[in-house]
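An overview of the molecular structure
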Amino acid sequence: MVGHCDWMGLAVRLARYALDQGETPVACVFVYEPMGEVIAYGTNDTNGSLTGIAHAEFMAINHLQSAVGTGAEMLRLARSITVYVTVEPCIMCASALRQLGIGKVVFGCANERFGGNGTVLHCNKDASAGLNGTYRSVPGIMRREAIMLLRYFYVRSNERSPKPRNKSERHLDKTSFPLLNWGRYLEESEFVEEFGEEQTNHYANHTDVAEKINWSLVDEGCDDIINELERRCSRFVEHRNKRVKQ
């Protein structure tokens, strides 16, 4: 659980950065498990690019491609990558991650309209999708932080919206959150593998494993997060270049 929160904390900070840039606050980091390091990251860029497919996961895939190319090495690396994303991947992104061969996805809050990891469809493991391989999807890590960033976005006026609503019509709810139906995403045995036997009451009661919201991640600006992630990614590139030379 601690490890999940550490990596998701980076994704939440990156989502806060996206919010401050006027984007929908959704972000992800790709963690290469053998090194325990971030090797790619992405935020939503749909407003800035005016492109509907510029979702955080696609931006991170593009980032990874720029580092390792699009061939066999990328597919080899993908099997050992865990994606930490603040909001459940949509059907499009969930399918793309499966085609890439990603090892695991960990997300914050559910995507109630388009969720592709269990809320609407199980693109990560449904045999009817006609895709090879599957990946486990673990929900609920910093879920309320992810929800609050989305709420912050939706109480603001979005100048790019076709029909922007008046901010005075919106109320920012900081206290109530929907229940988390763990069974949509994980069998109870899988939940125990991720969180431990002592946490099974949360599985039964549809409650969050974390007791408190980390408000500093939600409320504080994160102008330094890009530089931090670039430094982390550069470590992987340096390690890869040394291995290639050997």
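An unreviewed UniProt entry annotates the protein chain as CMP/dCMP-type deaminase domain-containing protein originating from Zygotorulaspora mrakii.

A few points about the sheet that holds strand β4 (residues 104–109)
Strand order in this open sheet of five strands is β2-β1-β3-β4-β5, and the pairing throughout is mixed. Here the strands that pair on one side only, and so sit at the sheet edges, are β2 (37–43) and β5 (136–138). Averaged over neighbouring strand pairs, the angle between their axes works out to 20° when direction is ignored. Of the strand pairs in this sheet, strand β3 (residues 81–87) and β4 are connected by five bridges, and their pairing is parallel. The partner of Val 87 across the bridge, within β4, is Cys 109. Helix-sheet contacts for helix α3 (residues 56–68) involve β1 (27–32), β2 and β3, and the interaxial angle to β2 is about 130°. Here helix α6 (residues 143–154) sits on the sheet and contacts β3 and β4; the angle it forms with β4, its principal contact strand, is near 60°.

Quick word on the pairing of β4
Counting buried positions over the six residues of β4 gives five, a clear majority of the element. Regarding the hand of the β-α-β motif, the stretch spanning β3, helix α5 (residues 91–100) and β4 is right-handed. Strand direction decides the pairing type here: β4 and β5, joined by three bridges, are parallel. Bridging from a neighbouring strand, Val 106 pairs with Val 138 of β5.

Comments concerning the nonpolar core
Ranked by size, the top nonpolar core spans 68 residues in total, and within it Phe 30 and Val 83 carry the most contacts. Apart from the residues lying within four places of it in its own chain, the contact partners of Val 83 are Cys 28, Val 29, Phe 30, Leu 97, Ile 102, Lys 104, Val 105 and Val 106.

Thoughts on the pattern of salt bridges
Under the counting rule described, the total for this entry stands at 14 salt bridges. Of the charged contacts in the structure, one is a salt bridge between Glu 37 and Arg 232, with a shortest N-O distance of 3.0 Å. You can see Glu 37 sitting in strand β2 and its partner Arg 232 sitting in helix α10 (residues 225–245), a full 195 residues away along the chain. With a shortest N-O distance of 3.6 Å, Arg 76 and Glu 73 are connected by a salt bridge. Within this pair, Arg 76 and its partner Glu 73 are both found in helix α4 (residues 72–78), separated by three residues, close to a single helical turn. Judged by relative accessible area, which is 33%, Arg 76 ranks as partly exposed. A residue is classified by how much of its surface remains accessible, and Glu 73, at 21% relative accessible area, is partly exposed. A cluster of three or more residues bridged by salt bridges with shared partners is formed by Arg 13, Glu 37, Asp 224, Glu 228, Arg 232 and Arg 235.

Parameters and conventions
Residues numbered from 1 in each chain as written. Predicted model: local features only at pLDDT ≥ 70, side-chain atom pairs only at ≥ 80, totals over all residues. Heavy atoms only, no water. Pairing = 2+ DSSP bridges. Helix = DSSP H or I, 4+ residues; strand = E, 2+ residues; numbered from the N terminus. Axes fitted to C-alpha atoms, helices over the stretch in contact; angles between N-to-C directions. Contact = heavy atoms within 4.5 Å. Buried < 20%, exposed > 50% of the residue type's maximum accessible area, 1.4 Å probe, protein only. Right-handed = clockwise from strand over helix to strand, strands pointing away. Core = buried A, V, L, I, M, F, W, Y, C linked by side-chain atoms within 4.5 Å. Salt bridge = Lys/Arg side-chain N within 4 Å of Asp/Glu carboxyl O.

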